[in-house]
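Chain residues, written in single-letter form:
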Amino acid sequence: MTANRETVELRGTAGAIVADRWTPVTGSGDRGAVVMLHGGGQTRHSWNRAAAGIAADGWTVHTLDARGHGDSDWAPDGDYRIGGFIDDLLGVIEQLGEPPVLFGASLGGMTGLIAEGEHPGSVRGLVLVDITPKVEPEGVERITAFMKGRPDGFADLDEVAAAVAAYQPHRTRPSNIEGLRRNLREREDGRLFWHWDPAFTEPRDDGETPVAPHARMVEAARLVEVPTLLVHGGRSDIVSDDGVAELLELIPHASAVNVAEAGHMVAGDDNAVFVAEAGGFLDALGAGHRAG
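Treat the numbers as computed from the prediction; the structure is a model and nothing was measured.

Draft legend 1. Main features of the pairing of strand β3 (residues 33-37). Counting buried positions along β3 gives 5 out of 5 residues, so the element sits mostly inside the fold. Running through helix α1 (residues 48-56), the crossover from β3 to the neighbouring parallel element strand β4 (residues 60-64) is right-handed. For β3 and strand β5 (residues 101-105), the ladder comprises 4 bridges, and the chain directions are parallel. Following the sheet pairing, valine 34 is matched in β5 by valine 101.

Laid out in structure tokens, this is it:
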């Protein structure tokens, strides 16, 4: 699977949104647009393998760094409530000029689900990756603890790799850990820090967090009419059977796929299965059809 990739800059409501645009090596990507939103604490690079496969199949794919993450601007006022991410997404869609198929993992899925429910017609289809309105608090706490766990950063990539291995014990530690560097920023003193704004995990005076309230997600889900696919990990500690059942009740036309050996980061844990399931969903939207 091969695709062309170029880095582009889009406008968000808190500053620049940096994205990679993936297009087929041959052809024009005329099946339509796909936008991929990562989870909290990740960067656009979490989608690299999936984006390449989808673009090679004839789609124009944009993988975005969310505000405060990766190479995108940090929110100058430290605002990382869900509403800001939704506003950024709606602005990006306007710049693309057509409703995309929206892939959203975790925080990205919350963003896409609410955006479409509250602004119908924003997207052409939804692929929710290990996220439902009902999330398991133990899993959320584990993610939060990991993100807050090293406020003083890391001395080198070996320390980073050890932290990742402890957080994801089901994954085999890669022999070449250099790829971790794209998820890090290096301070002048040489210490390495995760590539997100520390304000993302800091409590706000109003008590709001990037995690969308369950009630808001439920109401948004009830209003979703576009084709919807949930791909969730069989080993996930975020999405439970109850969460899947609730989503399918709220969006009766949705379908769900359990990737048995994957955890919360489904595309990273089993990219081949993920791309196969997502590809089937995209094919069902209509080969050769372009929205807009």
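Draft legend 2. Quick peek at the environment of aspartate 65. Within the fold, aspartate 65 resides in the loop between β4 and α2 (82-96). Residue aspartate 65 is classed as buried on the basis of its relative accessible area of 0%. Spatially, the C-alpha atom of aspartate 65 lies 12 Å from that of alanine 105, the residues being 40 residues apart in sequence. Setting aside residues up to four positions removed in sequence, aspartate 65 forms contacts with Ile17, Val18, His38, Thr43, Arg44, Gly70, Asp71 and Ser72. Within the structure, aspartate 65 has its side chain in polar contact with the backbone nitrogen of aspartate 71 (distance 2.8 Å).

Draft legend 3. The packing of aromatic side chains, seen in detail. Taken as a whole and judged by the stated rule, the model has 10 aromatic pairs. Taking 6.5 Å as the distance between ring centres and 85 degrees as the angle between the ring planes, the aromatic pair formed by tryptophan 47 and phenylalanine 103 counts as edge-to-face. Placement of the pair is tryptophan 47 in the loop between β3 and α1 and phenylalanine 103 in strand β5, with a sequence separation of 56 residues. Look at tryptophan 47 and you get buried, because its relative accessible area is 3%. Relative to phenylalanine 85, the ring of tyrosine 80 has its centre 6.3 Å away and its plane inclined at 35 degrees; by these criteria the two rings are tilted. Like tyrosine 80, the residue phenylalanine 85 is buried in the burial classification. Put simply, the rings of Phe146, Phe154, Tyr167, Trp194 and Trp196 touch in pairs and so form one group of aromatic residues.

What counts, and at which threshold
Residues numbered from 1 in each chain as written. Predicted model: local features only at pLDDT ≥ 70, side-chain atom pairs only at ≥ 80, totals over all residues. Heavy atoms only, no water. Buried < 20%, exposed > 50% of the residue type's maximum accessible area, 1.4 Å probe, protein only. Helix = DSSP H or I, 4+ residues; strand = E, 2+ residues; numbered from the N terminus. Right-handed = clockwise from strand over helix to strand, strands pointing away. Pairing = 2+ DSSP bridges. Contact = heavy atoms within 4.5 Å. Polar contact = N/O pair within 3.5 Å; in protein donor to acceptor, adjacent residues only side chain to side chain. Phe/Tyr/Trp six-rings, centres within 6.5 Å; stacked < 30°, edge-to-face > 60°.

Function cannot be inferred from these measures alone, as they are strictly geometric.
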